[in-house]
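Here is how the chains run, residue by residue.
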Amino acid sequence: MNRKEQLRNHIEKERTILNRLLAGGANVEEIYAQSRVVDALIEQYEDVK
């Protein structure tokens, strides 16, 4: 599996966590922190050639 595929899988895993936090009514700080994780991974994904 190449780097781009690994990042895509990691993004989906972290996005699932974010969706669970949103659906479960987690506090804003937890949701924000998780969204930052997803954003950082997306940036890494976009930088991979």
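The structure we're discussing is the one just above.
Summarised in this report is the structure supplied together with it. (Residues numbered from 1 in each chain as written. Predicted model: local features only at pLDDT ≥ 70, side-chain atom pairs only at ≥ 80, totals over all residues. Heavy atoms only, no water.)

## What to know about the packing of aromatic side chains
What counts here: When two rings of Phe, Tyr or Trp (its six-membered ring) have centres within 6.5 Å they constitute a pair, described as stacked for plane angles under 30 degrees, edge-to-face for angles over 60, and tilted for the intermediate range. Definition used: whenever NZ (Lys) or CZ (Arg) falls within 6 Å of the ring centre and also within 35 degrees of the ring normal, the charge is taken to sit over that ring.
Counted according to the given criterion, the structure contains 0 aromatic pairs. One cation-aromatic arrangement involves lysine 4 over tyrosine 45; the distance from NZ or CZ to the ring centre is 4.7 Å.

## Describing the packing of helix H1 (residues 3-24) against helix H2 (residues 28-47)
The line we're drawing: Note on method: axes are straight lines fitted to C-alpha atoms, helices fitted across the in-contact stretch only, with angles between N-to-C directions ranging 0 to 180 degrees. Every helix listed is a DSSP run of H or I at least four residues long, and every strand listed is a run of E at least two residues long, numbered separately from the N terminus. Angular relationships are summarised with four words: roughly parallel below 35 degrees, roughly antiparallel beyond 145, roughly perpendicular across 65 to 115, and oblique for the angles in between. In this scheme the crossing of two helices becomes right-handed for a clockwise turn of the near helix relative to the far one and left-handed for an anticlockwise turn of less than a right angle. The contact criterion used is simple: two residues touch if any of their non-hydrogen atoms lie within 4.5 Å. In this classification, the charged set is Asp, Glu, Lys and Arg, the nonpolar set is Ala, Val, Leu, Ile, Met, Phe, Trp, Tyr, Cys and Pro, and all remaining amino acids, among them Gly, are polar.
The interhelical angle for the contact between H1 and H2, taken along N-to-C directions, is 165 degrees, at an axis separation of 9 Å. Classified by the interaxial angle, the pair formed by H1 and H2 is roughly antiparallel. Considering how the two elements wind past one another, H1 and H2 form a crossing that is left-handed. In this structure, H1 uses Arg3, Lys4, Leu7, Arg8, His10, Ile11, Glu14, Arg15, Ile17, Leu18, Leu21 and Leu22 to contact H2, whose residues at the interface are Glu30, Ile31, Gln34, Ser35, Val37, Val38, Leu41, Ile42, Gln44 and Tyr45. Taken together, the residues that form the contact of H1 with H2 break down as 12 nonpolar, 4 polar and 6 charged.

None of this, on its own, says anything about what the molecule does.
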